[in-house]
Amino acid sequence: DSGVTQTPKHLITATGQRVTLRCSPRSGDLSVYWYQQSLDQGLQFLIQYYNGEERAKGNILERFSAQQFPDLHSELNLSSLELGDSALYFCASSVEPAGAYNEQFFGPGTRLTVL
Amino acid sequence: EDQVTQSPEALRLQEGESSSLNCSYTVSGLRGLFWYRQDPGKGPEFLFTLYSAGEEKEKERLKATLTKKESFLHITAPKPEDSATYLCAVGTRSGNTPLVFGKGTRLSVIA
């Protein structure tokens, strides 16, 4: 158990809908990262927050947005969902802001299925 | 563009048959190289961090090594419970992505 929690575990929804994925980092970690993992693409970095501020942005679609709250939990919002958004979404956390230097600890993931 | 390539894509070993997984990288300014283990449908589990060429880290049957161009994950006398996908990731100074992941090596250890 990494100490990172994610809810829900599974989400099934329809095209065009909007969903929110939630993540609580390990105690003491200030950085939160979001990743998407699909069978053909591997783990793709979406976005990072550090202590409430956006720190780094990867290939995140405009239909997706995220935020980190004062209690450090983070939410990833996915809107106008398409079939291709079906994937595993992982949250990770680390103590330091420099994600390139420090190990990240991953949550159990949310499996999103868009029908 | 930073790239991480893992080989082989899949590896099947008999229990006790030692082998190595490869992670080669092309990056502008390595900050750290990370190994993770991932079981099906689960989140990646952190194994090792390596920072400089020549560095080695060990944990049970696993040993990770690093050169200037690649890293190896050596598995000594593997057991069926070592079956998983092993992911390599590099942290670089370029671009906006803190970590770039390889696609992984899927290891199966047969009793």
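Right, let's walk through the structure included here. Fair warning: this is a prediction, and the values are worked out from it, not measured in the lab. (Residues numbered from 1 in each chain as written. Chains lettered and ligands numbered in written order. Predicted model: local features only at pLDDT ≥ 70, side-chain atom pairs only at ≥ 80, totals over all residues. Heavy atoms only, no water.)

1. Digging into the packing of aromatic side chains
So the rule is basically this: Whether two aromatic rings pair depends on their centres lying within 6.5 Å, for rings of Phe, Tyr and Trp, where Trp uses its six-membered ring; planes under 30 degrees apart make the pair stacked, over 60 edge-to-face, and the rest tilted. Helix and strand definitions follow DSSP, with helices as H or I runs of at least four residues and strands as E runs of at least two, each counted in order from the N terminus. Remark: exposure states derive from per-residue accessible area (1.4 Å probe, protein chains only) relative to the maximum for the residue type, with buried under 20%, exposed over 50%, and partly exposed in between. For a lysine, the NZ atom is tested; for an arginine, the CZ atom; a charge sits over a ring if that atom is within 6 Å of the ring centre and within 35 degrees of the ring normal.
One pass over the full model with this rule turns up ten aromatic pairs over all chains. Judged by centre distance (5.8 Å) and plane angle (45°), the rings of Tyr36 of chain B and Phe101 of chain B are tilted. Separated by 65 residues along the polypeptide, Tyr36 of chain B in strand E4 (residues 30-38) and Phe101 of chain B in strand E10 (residues 99-101) bring together distant segments of the chain. The pair formed by Tyr36 of chain B and Phe101 of chain B is uniform in burial state, with each residue classed as buried. Each member of the aromatic cluster is reached from another via a ring pair, and the members are Tyr35, Phe45, Phe90, Phe105 and Phe106 of chain A together with Tyr36, Phe46 and Phe101 of chain B. Over the aromatic face of Phe105 of chain A sits the side chain of Arg26 of chain A, whose NZ or CZ is 3.9 Å from the ring centroid.

2. Describing the interface of chain B and chain A
Basically, it comes down to this: Residue contacts follow a heavy-atom distance rule, with two residues in contact if any of their heavy atoms lie within 4.5 Å. Two parts placed together each lose some accessible area under a 1.4 Å probe, and the buried area is that loss summed for both. Any Lys or Arg side-chain nitrogen located within 4 Å of an Asp or Glu carboxyl oxygen qualifies as a salt bridge. Polar contacts, as used here, are pairs of N or O atoms within 3.5 Å; protein pairs need one atom able to donate a hydrogen and one able to accept it. Residues neighboring in sequence count only if both atoms are side-chain atoms. In this classification, Asp, Glu, Lys and Arg are treated as charged, Ala, Val, Leu, Ile, Met, Phe, Trp, Tyr, Cys and Pro as nonpolar, and every other residue, Gly included, as polar.
Contacts between the two partners involve 21 residues from chain B and, on the opposite side, 23 residues from chain A. Carbon and sulfur atoms supply 60% of the area that chain B and chain A bury against each other, a total of about 1600 Å² over both sides. When the buried surface of chain B facing chain A is broken down by residue, Arg31, Pro98 and Phe101 of chain B rank first, second and third, together holding 28% of it. For the pair chain B and chain A, the interface holds zero salt bridges. Inspection of the region where chain B meets chain A yields three residue pairs in polar contact (both at pLDDT 80 or more). Listing elements by their share of the side of chain B that touches chain A, those giving two or more residues are E4, strand E5 (45-50), strand E9 (84-92) and E10 of chain B. Across the side of chain B that touches chain A, the residue classes break down as nine nonpolar, nine polar and three charged.

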